[in-house]
Amino acid sequence: MKKLYYGGPILTMDKCLPRVSAVLTENGRISAVGDINNLNTTNAQRIDLQGRTLMPGFVDGHSHAISVGLNMNHSCELTGCTSFEEMLERIRAFRREKDLTHGEPIRCRGYDPAILKEGCHPTAKVLDALGFDNPIGCFHQSGHLAVYNSVAMRQAGVNSKTFVCPKDGYAGRDEKGELTGYFEESAKNVVGRLFSTDYDYNAVKEAVRVAQDAYIRHGFTTIQEGGANQETRVRHILQLAQERVLKIDLVTYLAATPKTEGLWKECIDQFQRGYRNRLKIGGVKLFLDGSPQARTAWLTKPYEGETEYRGYPMLRDEQVEQRLRLALKYGLQTLAHCNGDAASEQYLAAYEKLAGEGANVAALRPVMVHAQTVRYDQLARMSRIGMMPSFFVGHCYFWGDTHIKNLGDRGYRISPMKRALEQGLVCSLHQDSPVTPPDMLHSIWCAVNRISRDGVTVGQANKVDCYEALIAATHGGAYTYFEEDTKGILRQGAVADFVILDRDPTAVDSMEIKDIHVLQTIKEDQVIYTA
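Structure report, in brief. Keep in mind that this is a model prediction, so the values were computed, not measured.

This part covers the pattern of salt bridges. Counted according to the given criterion, the structure contains 38 salt bridges. Between aspartate 504 and arginine 19 there is a salt bridge whose closest N-O contact spans 3.1 Å. One end of the pair, aspartate 504, is in the loop between β20 (498–501) and β21 (518–523); the other, arginine 19, is in strand β2 (residues 19–26), with 485 residues separating them in the sequence. Judged by relative accessible area, aspartate 504 falls into the buried class, the value being 8%. Since its relative accessible area comes to 42%, arginine 19 is described here as partly exposed. Where arginine 419 meets glutamate 422, a salt bridge forms, and the shortest distance between an N and an O atom there is 3.5 Å. Of the two residues, arginine 419 and glutamate 422 both sit in helix α14 (residues 417–422), three residues apart, roughly one turn of that helix. The exposure class of glutamate 422 is exposed, given its relative accessible area of 54%.

See below:
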């Protein structure tokens, strides 16, 4: 069936033809765009936008879609808590609601010292005040650190006398040398195993149903699972596709470890032609450092107030090179979590070495995920080898004030999207959900305004034009997945993946962008969500 969309602003994300008056579709594809008077609209179903705005559906630059659903179904949500007491009250309510009164582990997520009135992390002593016999783990909003109660530490066999902290982690101690319950990076895993459930297929299936509905409500038509780190999780994802559970496209990235090479081969064999039932294997993912708001991101210069401490790496240089060589062998794209500029340097230098040896790095479009403190000189080098950044620009709002406190002047240069575009880099945007909600309009607002929670402008020089931010939110993500000809853009032959908004983001006051509503999400010309 032919459909004609007209009667409102239509943003194409095509710089050669930024706006048109009509889009014609047929069989889930765009057959023509342009002036309505020049299109063959015979026998087309006419869809009057009535002043609403049509644009390509949002394409997720990076997130953990399954974790979004699992957290919604199985974790006590602490996001937005402004005090320890509010945290404790939510835990009490969650324990009652889920009937966890028999000593079961209670997993909590999303607390953030940046908005707690106490201005610091809770401790085991704070959680012990609940008086529960449950092991309790409260995971920071970034996911890079956690606080456990005494029951959890005791059940994990962790105590102040015997605990030895790994090199890529840290455990807090008080003035007497006693563990406070605060653990970051790999150190948190020692106790965290109590809260790591190997969810069965039905739990994962339900999590995906819940998660994709959340993404769809926010206008996404392509999303990412950037953390398929366990073989069982990968098997579950493959089964999801087989059972046709997915309503929108899901691009999955596997763990980048040598022991998973066999799984890589198997997945490559199954997905040689791209998507199968809306699932595609995008490549592999590495973690190279931690979180800047948690002060675990790996920097080249110390944090403010420190003389030596710069965070720390997750992998040695030779380990990074080994994984990248293996990915090159199989022609797999790599995504690398790089928050600190030292992590960015490690990733960039490894690929520069491989390019110097003759490897066609640009053909694989390696992605630097987050790129919070990537330096301007590093952006220029990324351009030369074809590496692209995916910016978690929401940091400007959620943690801009924290970054300025922790990084000084460097804090104003986080997520340097404007400079990246000036270097000719293709950029995408993401929310790293479940770290923050999958709300692309909020990220676009952040990219345009760069306003912190406290109202501080976090780097005037890196504000971008709204249309540029929209391109990063759509066509930039499509470029990441080698789908720039068919997604994230309204042109002949592209997939008819659309989002309809109540207002034109380019025509409103820039501070109103985050308040724009998604009215419909359309996948391959079929409406899958209506507000």
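Time to look at the packing of helix α15 (residues 440–449) against helix α16 (residues 466–480). Contact pair α15 / α16: the axes reach a minimum separation of 9 Å and the direction vectors enclose 140°. Considering their axes alone, α15 and α16 lie oblique with respect to each other. For the element pair α15 and α16, the recorded crossing hand is right-handed. Of the residues in α16, those touching α15 at Met440, Ile444, Ala447 and Val448 are Cys466, Ala469, Leu470 and Ala473.

Turning our attention to the sheet that holds strand β8 (residues 106–111). Overall, mixed pairing links the six strands, which are arranged β7-β8-β9-β10-β12-β11 in an open sheet. With one partner strand each, in any of the chains shown, β7 (76–77) and β11 (169–173) form the two edges of the open sheet. Relative to strand β9 (residues 136–140), β8 is paired through five bridges, and the arrangement is parallel. Opposite tyrosine 111, over in β9, you have histidine 140 as the bridge partner. Packing of helix α2 (residues 84–98) onto the sheet brings it into contact with β7, β8 and β9, and relative to β8 it is tilted by some 145°.

This part takes up unusual backbone geometry. Cis rather than trans, the peptide bond between serine 433 and proline 434 has omega equal to 15°. A positive phi angle, near 50°, is found at glutamine 50, a position not held by glycine. Relative to the helices and strands, glutamine 50 resides in the loop between β4 (45–48) and β5 (53–56). Although it is not a glycine, histidine 370 adopts a positive phi angle of roughly 80°.

So, about the environment of alanine 214. Counting through the fold element by element, alanine 214 comes out in helix α6 (residues 201–217). With relative accessibility at 5%, the residue alanine 214 sits in the buried group. A sequence separation of 253 residues divides alanine 214 from tyrosine 467, and the C-alpha atoms of the two residues are 24 Å apart.

Rules used in this analysis
Residues numbered from 1 in each chain as written. Predicted model: local features only at pLDDT ≥ 70, side-chain atom pairs only at ≥ 80, totals over all residues. Heavy atoms only, no water. Salt bridge = Lys/Arg side-chain N within 4 Å of Asp/Glu carboxyl O. Helix = DSSP H or I, 4+ residues; strand = E, 2+ residues; numbered from the N terminus. Buried < 20%, exposed > 50% of the residue type's maximum accessible area, 1.4 Å probe, protein only. Axes fitted to C-alpha atoms, helices over the stretch in contact; angles between N-to-C directions. Parallel < 35°, antiparallel > 145°, perpendicular 65-115°, else oblique. Left-handed = near helix turned anticlockwise from the far one by under 90°. Contact = heavy atoms within 4.5 Å. Pairing = 2+ DSSP bridges.

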